[in-house]
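These are the residues of each chain, in order.
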Amino acid sequence: DPHTGERLAPDVFIPAAERFQLGVALDRHVVNLTLGWLESRPDAAAQVHTCAINLTAASLVDEGFGIFLYHRVRNSRLPAYKLCFEVTETSAVRDLARAQGLIAKMRSLGCAFALDDFGTGFCSFNYLRSLDVDYFKIDGSFVRDLESSPLSTAVIRSITDIAHVLNKQTVAEHTENDAILTALRDLGVDYAQGFGIHRPEPIEQYFASVPTITLAAASAR
């Protein structure tokens, strides 16, 4: 925030960026910033297991962005297998053919993909065979209610079972405490992400404060 100096969460500014058609420009900036930082610091890059980068809905179907992303990753000194791109379930379902086209192109380089906010379109799993993603990120609304809602427990268990049948892994968003982490582990969820694992911070500060790390979500096993 320019007035208070407070760090703004993505859900504060991403909708505005998309509303004013700045999503593609924002994604280009984030990709260049992230890869440039890691390329200039090989010691830090060597510690990275998986670096996840979110893509907005507009970028998922923008042909120019797909060309940019392919060549930027292909020419990067950071191995492509260390990158995972996250796309929301709703944006992927909006145009399955284009979404899978980008996914296939980037996977040919070795990149992974995650379907973010998974479960918001829980009414149908028919499209899942059309999307060659590696991870289902279980929507945080289910995870937050896990301790008090039998329905959330059932939804998380169902998503996890379906993911494993399809040879994919699950990541639970909004894991806020050890009790939720334990419950997720009991349900067979593969990974967890949230303030209960680590709070967001600038990348320089992150590497300085955690000497031996990965940028993957914490294992729930």
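Residues numbered from 1 in each chain as written. Predicted model: local features only at pLDDT ≥ 70, side-chain atom pairs only at ≥ 80, totals over all residues. Heavy atoms only, no water.

**Student:** Before we go on, may I ask you to explain the overall build of the protein in this structure?
**Tutor:** Check the secondary structure of the protein and you find 11 helices and seven strands. A compact globule built from 221 residues should have a C-alpha radius of gyration of about 17 Å, and the protein, at 17 Å, falls within 12% of that. Across its three principal axes, the protein shows a C-alpha extent of roughly 45 × 40 × 35 Å. Burial analysis of the protein (221 residues in total) assigns 42% to the buried set. Summed over all atoms, the accessible surface of the protein reaches about 11,700 Å², with 54% contributed by carbon and sulfur. Measuring between centres, the 20 positive side-chain charges of the protein sit 6 Å from its 27 negative side-chain charges. (Helix = DSSP H or I, 4+ residues; strand = E, 2+ residues; numbered from the N terminus. Rg over C-alpha atoms; globule rule 2.2 N^0.38 Å. Buried < 20%, exposed > 50% of the residue type's maximum accessible area, 1.4 Å probe, protein only. Areas by Shrake-Rupley, 256 points an atom, 1.4 Å probe, with all protein chains shown as cover. Lys, Arg positive; Asp, Glu negative; His and termini not counted. Charge placed at Lys NZ, Arg CZ, Asp CG, Glu CD.)

**Student:** Help me understand helix α10 (residues 178-186), please; the structure alone is not making it clear to me.
**Tutor:** Structural remark: α-helix, 3.6 residues per turn; residues separated by three or four positions point the same way. Looking at α10, one finds that the buried residues are I180, L181 and L184. Mapping the buried residues of α10 onto a view down its axis gives an arc of 100°, with all of them on the same face. In α10, the exposed positions that point more than 90 degrees away from the buried face belong to D178 and D186. Where α10 is buried, its residues touch α8 (140-144), α9 (150-165), β5 (169-172) and β6 (191-192). The N-cap of α10, judged by a side-chain oxygen 3.1 Å from the amide nitrogen of A179 a few residues on, is N177. Just downstream of α10, G188 is the residue with a positive phi angle, here 90°. (Arc of directions from axis to C-beta. Contact = heavy atoms within 4.5 Å. Polar contact = N/O pair within 3.5 Å; in protein donor to acceptor, adjacent residues only side chain to side chain.)

**Student:** Teacher, can you tell me more about the packing of helix α2 (residues 23-39) against helix α5 (residues 63-74) here?
**Tutor:** Relative orientation and spacing of two packed helices are given, respectively, by the angle between their axes and the distance between those axes. In the contact formed by α2 and α5, the axes pass within 11 Å of each other and the chain directions differ by 0°. What the angle tells us is that α2 and α5 run roughly parallel. Here V24, D27, R28, V31, N32, L35, G36 and E39 of α2 lie close against α5, whose contacting residues are G64, F65, F68, L69, R72 and V73. Broken down by class, the residue content of the contact of α2 with α5 amounts to seven nonpolar, three polar and four charged. (Axes fitted to C-alpha atoms, helices over the stretch in contact; angles between N-to-C directions. Parallel < 35°, antiparallel > 145°, perpendicular 65-115°, else oblique. Nonpolar A, V, L, I, M, F, W, Y, C, P; charged D, E, K, R; others polar.)

**Student:** What should I look at first to understand unusual backbone geometry in this one?
**Tutor:** Only a minority of non-glycine residues have a phi that is not negative, and only a minority of peptide bonds are not trans. In this structure, D117 is a non-glycine residue whose phi angle is positive, near 55°. Tracing the backbone shows D117 in strand β3 (residues 112-118). The phi angle at H174 is positive, at roughly 55°, despite the residue not being glycine. Its place among the elements puts H174 in the loop between β5 and α10.

**Student:** Is there a simple way to explain the pairing of β5 in this structure?
**Tutor:** For a regular strand, side-chain orientation follows a simple rule: the groups alternate between the two sheet faces. Bridge count between strand β4 (residues 135-138) and β5: four bridges; the pairing is parallel. Paired with I138 across the two strands is A172, which belongs to β5. Where β5 and β6 come together, two bridges link them in parallel fashion. Each bridged residue has a counterpart across the sheet, and for A172 the counterpart in β6 is A192. In this view, the connection linking β5 to its parallel neighbour β6 by way of α10 has right-handed handedness. (Pairing = 2+ DSSP bridges. Right-handed = clockwise from strand over helix to strand, strands pointing away.)

**Student:** Any chance you could explain the side chain of Q100 here in plain terms?
**Tutor:** With respect to the helices and strands, the residue Q100 is situated in helix α7 (residues 96-107). Setting aside its immediate chain neighbours within four residues, Q100 contacts S130, L131 and D132.

**Student:** Hey, could you run me through the pattern of salt bridges in this one?
**Tutor:** Note that side chains of opposite charge can pair when their charged atoms are close. If you walk through the whole model with that rule in mind, you get five salt bridges. Ionic pairing is found between K137 and E86, a salt bridge with its closest N-O pair at 3.0 Å. Of this pair, K137 sits in strand β4 while E86 sits in strand β2 (residues 83-88), and the two are 51 residues apart along the sequence. Each of R107, D132 and D134 takes part in one network of salt bridges that share partners. (Salt bridge = Lys/Arg side-chain N within 4 Å of Asp/Glu carboxyl O.)

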